[in-house]
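One letter stands for each residue in the lines below.
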Amino acid sequence: DTGVSQDPRHKITKRGQNVTFRCDPISEHNRLYWYRQTLGQGPEFLTYFQNEAQLEKSRLLSDRFSAERPKGSFSTLEIQRTEQGDSAMYLCASTPTANTEGHEQFFGPGTRLTVL
Amino acid sequence: LAKTTQPISMDSYEGQEVNITCSHNNIATNDYITWYQQFPSQGPRFIIQGYKTKVTNEVASLFIPADRKSSTLSLPRVSLSDTAVYYCLVAGSARQLTFGSGTQLTVLP
């Protein structure tokens, strides 16, 4: 257990529905990341927050995806009008700001999304 | 971000030392080399990071030659629980991590 928690762990939804995932990072970590991982592939970066500011977004993050970190603590990732291609594991990671040269990110257990 | 190449899979037996080599021919001066481990249905876990020569921690060693165009993760005396996917990454100032497909290590009894 890295100290990063994600909820729910599993989500099954029907195509066209909206889903929202939550990530609670390690409390003193300022940076928070979202990744997506499909079967047999490594995680792909989606977006990154420094405190409450969303500083980077991947081209993978279509307009159906939105992420927030309103108080600089927990974060939510919402997918609107889900498609079957959205089925994947959604991973959250956090790291302290002081880790300026290192790339040690602490990952949560992920939320597995299945879109029927 | 520099692209990495590593074997798709490797098999080993319990108690053996395992070496996984990663090539990163276009690594940049400010890039660090980082290795992660991932078990099924879990998030990746940081193993080790280095810039040059050799780094050792309680779980692994990382060997980096002078030209830094490759690196080798060494796992001493593996056990069945070391069966996992191992990712080699190189990253500099960018905060996001770029994972490849990794190396599936299977430890056999």
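Residues numbered from 1 in each chain as written. Chains lettered and ligands numbered in written order. Predicted model: local features only at pLDDT ≥ 70, side-chain atom pairs only at ≥ 80, totals over all residues. Heavy atoms only, no water.

### What to know about the interface of chain B and chain A
As a reminder, the rule being used: Contacts between residues were defined by any pair of non-hydrogen atoms, one from each residue, lying within 4.5 Å. Reported buried area values correspond to the accessible surface (1.4 Å probe) lost by two parts on association, with both partners' losses combined. Here, a salt bridge means any side-chain nitrogen of Lys or Arg that lies within 4 Å of a carboxyl oxygen of Asp or Glu. In protein, a polar contact means a hydrogen-donor-capable atom and an acceptor-capable atom, both N or O and within 3.5 Å, with residues adjacent in sequence counting only if both atoms are side-chain atoms; elsewhere, any N or O pair within 3.5 Å suffices. Going along the chain from the N terminus, every DSSP run of H or I of four or more residues is numbered as a helix, and every run of E of two or more is numbered as a strand. Note on residue categories: nonpolar means Ala, Val, Leu, Ile, Met, Phe, Trp, Tyr, Cys or Pro, charged means Asp, Glu, Lys or Arg, and polar means any other residue, Gly included.
Counting residues at the interface gives 20 residues for chain B, matched by 24 residues for chain A. Buried area between chain B and chain A, summed over both chains or domains, comes out near 1800 Å², and the portion from carbon and sulfur atoms is 48%. Between chain B and chain A we count zero salt bridges in total. Linking chain B with chain A are five residue pairs in polar contact (both at pLDDT 80 or more), by the criterion used here. The set of elements that each furnish at least two residues to the side of chain B that touches chain A consists of β3 (32-38), β4 (45-50) and β8 (84-91) of chain B. If one sorts the elements of the side of chain B that touches chain A by residue count, β3(B) sits on top with four residues. Classifying every residue of the side of chain B that touches chain A by side-chain character gives nine nonpolar, ten polar and one charged.

### Digging into the state of the cysteines
Put simply, the rule is: The criterion for a disulfide is a pair of cysteine sulfur atoms lying within 2.5 Å. The buried label goes to any residue with under 20% of its type's maximum accessible area, the exposed label to any with over 50%, and the partly exposed label to all in between, with areas taken from a 1.4 Å probe on protein chains only.
Enumeration according to the criterion identifies two disulfides over all chains in this entry. Between the sulfur of C23(A) and that of C92(A) lies a disulfide, 1.8 Å long from S to S. Residues C23(A) and C92(A) share a disulfide whose torsion about the S-S bond is about -65 degrees; that sign makes it left-handed. Here C23(A), found in strand β3 (residues 19-24), pairs with C92(A), found in strand β9 (residues 88-95); they are 69 residues apart in sequence, far enough to count as distant. With respect to class, C23(A) is no different from C92(A); both count as buried. Here C22(B) is linked by a disulfide to C88(B), with a sulfur-sulfur distance of 2.2 Å. Judged by the sign of its S-S torsion, about -80 degrees, the cystine formed by C22(B) and C88(B) is left-handed. Of this pair, C22(B) sits in strand β2 (residues 18-23) while C88(B) sits in strand β8, and the two are 66 residues apart along the sequence. For C22(B), a relative accessible area of 0% gives the class buried.

### Concerning the sheet that holds strand β7 (residues 70-75) of chain B
Residue and element names in this part refer to chain B. Stated formally: Strand pairing requires that DSSP identify at least two bridges connecting the strands. All axes here are fitted lines through C-alpha atoms, helices being fitted over the stretch that makes contact, and every angle between N-to-C directions spans 0 to 180 degrees.
On the basis of which strands lie adjacent, the open sheet formed by four strands has the order β2-β7-β6-β5 and antiparallel pairing. Looking at the sheet topology across the chains shown, the edges are occupied by β2 and β5 (53-56). Adjacent strand axes in the sheet meet at a mean angle of 15 degrees when their direction is disregarded. Pairing between β2 and β7: six bridges, direction antiparallel. Considered in β7, the bridge of N19 is made with S74.

### Examining the pattern of salt bridges
Residue and element names in this part refer to chain A. The final tally for this structure, using the stated rule, is three salt bridges over all chains. Note that R22 is salt-bridged to D24, the shortest N-O span being 2.7 Å. According to the relative accessible area criterion, R22 is partly exposed, its value standing at 33%. For D24, a relative accessible area of 26% corresponds to the partly exposed category. Where R64 meets D86, a salt bridge forms, and the shortest distance between an N and an O atom there is 2.9 Å. Here D86 lies in the loop between β8 (75-79) and β9 and R64 lies in the loop between β6 (53-57) and β7 (65-68), a separation of 22 residues in the sequence. Residue R64 is classed as buried on the basis of its relative accessible area of 10%. Overlapping salt bridges bring together R64, E83 and D86 as one network.

### A few points about the side chain of S58(A)
Residues and elements named next belong to chain A. Locating S58 in the fold gives a position in the loop between β6 and β7. For S58, the side chain forms a polar contact with the main-chain oxygen of F45, separated by 3.4 Å. The residues contacting S58, other than those within four sequence positions of it, are F45 and L46.

Any functional reading would require information beyond the geometric quantities listed.
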